[in-house]
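Results of the structural survey
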Amino acid sequence: MSDAGREVSREQAQKLIDEGAQLIDVRVDHEWEAGHIAGAAHIPLDELAQRAGEIDRDRPVVLYCRGGNRSTMATAALQAGGYDAAKLSEGITGWEEEGLPIEPEGGYVAESGEAAAVLEARKKAAKS
């Protein structure tokens, strides 16, 4: 998996995960909390450099975000650091559109960006 920006399909990602690859969600907190792929670890893109040590360098890594931009950057950074990394094609958006499971129950793909984070926080506050 050394070619820069390597992308894997949902089927290829699932096969890699079944064979022991790590799944990393690089989205921000409000997106993760709204819904994520089962079995994923959460390391936001802006924390990746500081937290890369949490990722096992001896196992392949599949990264995802909402649609692909942040996971492309994360994949390139990890590959440059010697990791066997690939990004999930179409991110969690494609995953959800294919009807694949998202946690927690009732989870969904949240919008990204600061305005979306404010709206998510307001929704959460209104429910409590």
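Residues numbered from 1 in each chain as written. Predicted model: local features only at pLDDT ≥ 70, side-chain atom pairs only at ≥ 80, totals over all residues. Heavy atoms only, no water.

Here we look at the overall build of the protein chain
Counting its secondary structure elements, the protein chain contains six helices and five strands. Each helix (α) and strand (β) of the protein chain, taken in turn from the N terminus, gives the series β-α-β-α-β-α-β-α-β-α-α. If you line up the protein chain on its principal axes, its C-alpha atoms span 45 × 30 × 20 Å. Counting only residues that meet the buried cut, the protein chain has 41% of its 128 residues in that class. Relative to all contacts within the protein chain whose residues are 6 or more apart in sequence, the contacts with residues 24 or more apart total 66%. About 6900 Å² of surface is accessible on the protein chain, with carbon and sulfur atoms providing 50% of the total. Here the protein chain contributes 14 positively and 24 negatively charged side chains, and the mean placements of these two sets differ by 3 Å. (Helix = DSSP H or I, 4+ residues; strand = E, 2+ residues; numbered from the N terminus. Buried < 20%, exposed > 50% of the residue type's maximum accessible area, 1.4 Å probe, protein only. Contact = heavy atoms within 4.5 Å. Areas by Shrake-Rupley, 256 points an atom, 1.4 Å probe, with all protein chains shown as cover. Lys, Arg positive; Asp, Glu negative; His and termini not counted. Charge placed at Lys NZ, Arg CZ, Asp CG, Glu CD.)

As for the environment of isoleucine 37
Residue position: isoleucine 37 is located in the loop between α2 (29-34) and β3 (41-42). Spatially, the C-alpha atoms of isoleucine 37 and cysteine 65 are 10 Å apart, while their sequence positions differ by 28 residues. For isoleucine 37, the contacting residues outside a window of four places in its chain are Leu23, Tyr64, Leu88, Ile92, Trp95 and Pro101.

Here we look at unusual backbone geometry
For the peptide bond that leads from glutamate 103 to proline 104, omega is -10 degrees, which places it in the cis range. Of note, proline 104 is situated in the loop between α5 (91-97) and α6 (114-127). Positive phi, close to 65 degrees, is recorded for glutamate 90, a residue that is not glycine. Take glutamate 90: its relative accessible area is 42%, and that puts it in the partly exposed class.

Details of the sheet that holds strand β4 (residues 61-64)
On the basis of which strands lie adjacent, the open sheet formed by five strands has the order β1-β5-β4-β2-β3 and parallel pairing. Each end of this open sheet is capped by a strand with a single partner; those strands are β1 (7-8) and β3. When strand β2 (residues 22-25) meets β4, the two strands line up parallel, connected through four bridges. Bridge pairing in β4 links glutamine 22 to valine 61. Contacting β4 and β5 (85-88), helix α4 (residues 69-80) runs over the sheet at an angle of about 170 degrees to β5. (Pairing = 2+ DSSP bridges. Axes fitted to C-alpha atoms, helices over the stretch in contact; angles between N-to-C directions.)

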